[in-house]
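If you want the building blocks of each chain, they are given just below.
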Amino acid sequence: MEPLLAIVIGVLFSTAIYLMMQRNLVRIVIGVIILSNAVNLLIFTMGRLTRASAPLIPFGEKVPLEAIANPLPQALVLTAIVIGFGLFAFALVLTYRTYKEIGTLDVDELREAETPYENPSDKKDGKAVKEG
Amino acid sequence: MDHLLTLPVLIPLLTGAIAFLFYKNGTVQRWIGLAGTVALLIASILLLVDVWSNGIQAEQFGNWPAPFGISFVADLLSSIMITISGVMGFVVAVYAVADIDKTREKFGFYPLYHILLMGINGTFLTGDIFNMYVWFEVMLISSFVLLALGNAKAQLDGAVKYVIINLVGSAIFLMGIGFVYGLTGTLNMAELSVRLNEVDNAGLVTTVSMFFMISFGIKAAVFPLFFWLPASYHTPPVAVSAIFAGMLTKVGVYTLIRAFTLLFTQEVAYTHHIILWISGLTMLIGVLGAAAQSEVRRILSFHIISQIGYMIMGLALYTPLALIGSVFYIVHHIIVKTNLFLVGGLARKLTGSYELKKMGGLYRYYPWLGVLFLIPAFSLAGFPPLSGFWAKFTLIYAALEIESYWIAGVALLVGLLTLYSMTKIWMAAFWTPLPGYENDTTGAGFNKIGPRDMFLLVTPIVILATLTIIIGLFPEPFYELSLKAAEELLDPTNYINAVLGK
Amino acid sequence: MMKSLILQTATKLLFPLLLLFSIFLFLRGHNDPGGGFIGGLVGAAAFALFAISSGTEKARELLRIDPTFMIGLGLFFALLSGVISMYAGTPFLTGHWAFPMVFGAEMHLGSPILFDIGVYLVVVGFTLAVIFSLEEEG
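On a predicted model such as this, the values are computed, not experimentally measured, just so you know.

Rules used in this analysis
- Residues numbered from 1 in each chain as written.
- Chains lettered and ligands numbered in written order.
- Predicted model: local features only at pLDDT ≥ 70, side-chain atom pairs only at ≥ 80, totals over all residues.
- Helix = DSSP H or I, 4+ residues; strand = E, 2+ residues; numbered from the N terminus.
- Buried ≥ 20, exposed ≤ 12 C-beta atoms within 10 Å, placed from the backbone.
- Contact = placed C-beta atoms within 7 Å.
- Nonpolar A, V, L, I, M, F, W, Y, C, P; charged D, E, K, R; others polar.
- Expected span 1.5 Å × (residues − 1).
- Axes fitted to C-alpha atoms, helices over the stretch in contact; angles between N-to-C directions.
- Parallel < 35°, antiparallel > 145°, perpendicular 65-115°, else oblique.
- Left-handed = near helix turned anticlockwise from the far one by under 90°.

A. Region of the structure containing the overall build of chain C. Of regular secondary structure, chain C possesses five helices and four strands. Each helix (α) and strand (β) of chain C, taken in turn from the N terminus, gives the series α-α-α-α-β-β-β-β-α. Along the three orthogonal principal directions, the C-alpha set of chain C runs to about 55 × 35 × 25 Å. In chain C, buried positions account for 39% of the 138 residues. Partitioning the intrachain contacts of chain C with sequence separation of at least 6 by distance along the chain shows that 66% fall at a separation of at least 24.

B. Looking closely at the interface of chain A and chain B. Across the contact, 27 residues belong to chain A and 28 residues belong to chain B. Taken together, the elements giving at least two residues each to the side of chain A that touches chain B come down to α2 (25-46) and α3 (71-102) of chain A. The element that contributes the greatest number of residues to the side of chain A that touches chain B is α3(A), accounting for 13 residues. Of the residues contributing to the side of chain A that touches chain B, the split by class is 18 nonpolar, five polar and four charged.

C. Structural detail: the interface of chain A and chain C. Contacts between chain A and chain C engage five residues on the former and four residues on the latter. Counted by class, the side of chain A that touches chain C contains four nonpolar, one polar and no charged residues.

D. Broad picture of helix α14 (residues 320-351) of chain B. The terminal C-alpha atoms of α14(B), which comprises 32 residues, lie 46 Å apart, in line with the 46 Å expected from a rise of 1.5 Å per residue. In the segment just after α14(B), B:Gly352 is the residue with positive phi, at about 85 degrees.

E. Representation of the packing of helix α12 (residues 268-291) of chain B against helix α18 (residues 405-431) of chain B. All names here are of chain B. One way to put it is that α12 packs onto α18 with a least axis distance of 9 Å and a crossing angle of 20 degrees. Here α12 is positioned roughly parallel relative to α18, judged by the angle of their axes. Viewed along their axes, α12 and α18 form a crossing whose handedness is left-handed. Counting all contacts with α12, which are made through Leu276, Gly280, Met283, Leu284, Val287, Ala290 and Ala291, the residues of α18 involved are Ile407, Val410, Ala411, Val414, Leu417, Thr418, Tyr420 and Ser421. Split by residue class, the contact of α12 with α18 holds 12 nonpolar, three polar and no charged.

Written as C-alpha cells, this is what we have:
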C-alpha cells in the first residue's frame, strides 16, 4: 500500500505545484487546496498503514477488543481538514473580492500595492501607465 | 495549582468572545478591548515573574499526562515573548482607538485583534508541535482578515500575496510534522527532543529539519522567502501594520529558535551554518531593499527583514553569548519597530501622505514628534546609549569571539545602512518644508487632530520610547534575563524534565 | 438567490430534515462519530439552502441570531467548558462529569458537551457569515 500512496502523494504534489505556477489566481488557490490534501494524505501514511478496525471502543467495554488503527494521524488529518476548510473559505472569498474590486485574476496585473513602474507591455497597448 | 499559563490565551479569547457579542457597539468593544489588553499585560508580567523565580512551568491540558496530551510550557524565552506581546497588545490597542475607522470597526476589527493576540500567545506557550500548527493557523486566519479588512484595492492585492504564501508555508510545516511523527511517533516537543536524537539515521532528521526551516523561514521573512512582507505590510491601517511588524515575524523567529535549539541539534555544524548564511544575506538584502524605497511604511517593512537577520544570526552562531544577543535583540526590535510604525502613522495623519516626497516640515511645527522619531530610529541603527546598541554590541561581540569576522562585518555595515534610511526619512519628513507650503509660517498644511485622538496616538509612542531609553540606560536586568533564557535554550534538560515530569 | 419552484419546494421539505439531522449528528458525537463540527456544517447547510432558495433576508429572519453574534456565543461556551475545570482546580479543559437521574435513567452530563455546543455555534456562525456576505454581494 505504501508505494501506491507514495505515488498518489507525488502526483498530487506535482499537480499542486503545476497549478500554483499558473498566472490565474483561481488556479493558484485550487493548487494550494490540492497541496494541503496531499499533505493530509502524507500525514495519514506516516502514521503507518495497517489492516485493522476503526479505533472505536464498543459500548460497555473499557479497551478495544481487537487490533485497531492508529487514531492519532486520523485526528491530526481531521484537524488539518477543519482548519483548511476555514482557510480556503476565506481564500475563495478573498479571490472573489479581488476580482470584483480590481477586475483581474491575472497575478501579473495585481500590482495595486506595488510601487508604480513602467511596464513595457502597457505602452504597447497605448494605455497610460498608472500613477501611484 | 495556579493557571497563569493558560491566562495569556484565555484573556484574549474571552475579550474576543465579548467583542463578538457586542459587534454592533463600537464603544463597548473599545473599552472591553482596552480592559482585556490591560489584563493580558498584567497576567503576562505575573507569568514572567513566576517563571523567573520558580523555573520552567508546564501544564497538561485536559489533565492528560505528557507526552499524550497537549502541554503548555513557559520557559523564560516564552514568557519574555508573552510579556512583550502583552505590552504591544496594550499600546497598539490604545493607538487603534484613534486609528481604526468606523467601517473597519463594524466589520470586526476588535474581536479579530484579540483572536490574533490569542494565536500569538498560544504559539509562544505550546509544547506540542501539532498544537503549534493550530495556534499558527488561529494567528494566520485573523491576520488574513485584519489585512483585508476594509477592502481597499491595495489591501486586497497585499492580502492575496500574504494569504497564498502563508498557506503554502503552513502546508510545508504540516509536512514536516508528518515526517517527524513518522520518524519518532510523538508530537510533544520535549519528548521529540529526546527521541530525535535516538533516530538511527541522523541525516534523515536533518532533511526533515529543512521543512521546518523553510516553513518558519517564510513566517520570519528570511532571505529567499521574504517577498510577501514588503508586498503586504504597508497596505492595512497603521495599527494593524504595527502589530504585524512587531509580533508576527517574531513568532517565526521564536519558532526558528525553538526548533533549532530544542529539536534539531543533531548536526549543528551543518544546519546552523545554513542559518548563518541566510542571516547575513537577510540583513544585507533587507537593508538594500529599504534604501531603494521612498514610502515610509515600505522602508520600515524592508527594515523588518534586515533586522530579522540579526536575530537569527545569534541563533546561527549558537554560543551562549550569541543567543543572549538574539533574545535581547528580539525584545529591543519589537519595541522599536512597532514604535516606528506608530510614529509613521502619526506623521501620515499630520501630513496626509506616506510618500517621502509629499511629507515635510514636521520638525518645525512638531519638534517633540521629531524627538520621538529619533529615539527609535537611532535605536534601530544601534546608537549608544539606546537599546539597539546593546543588542548589536552583544551579537557582534559574540561573532568576533568565535572569529566569524565576515558576519560581524556584515552586521556593522547593515547598521550603517540602516542609519542611511533613517536619515532619509528624517530629512524628507521632518527637515525639509512641507511641499506646497514652503513660505507658510502658520503650519496650515497640516491636518488637525483633536486633543482626544492626539492623546491616544501619542501615549503609545511615548510609552515605547521610554521603554527603549530604559533598556538603553539600564541594560543589566534585561541582559540577565536574556542570559538565563539563553542558558535554558542551550541546555534543554530542564525543559524536558518540566514537561515530562521527571 | 435563485427563483426556482423546484428548489423552493424541495427546501421546504429538506430544511426541517437537515436541522433535525444536524442535531442528531451533534448529539451522536457524545459517544460515537459525529459532534459539533459536522453537526454545525449540516445545520449551516440547511440555512444556506434556505438562503439560496428564498433570499438571505428571510434566512436571517429565520435564524433570528446574527451569525457574528453566534461566533461570539460559541467562543464563550467553549471558554466556559474550560473555565469549569479551572474552577474545580484541575488543568484547563479537564472533563468533569455529573450523573443526574432524569426520568429514571442515568444521564452522562459533562463539561465537554459545552465545548461541543461552542464548536457547533462557531461553525454555523462562521459558515453562514461567509455564505450570507457572498450571497448579498451577488
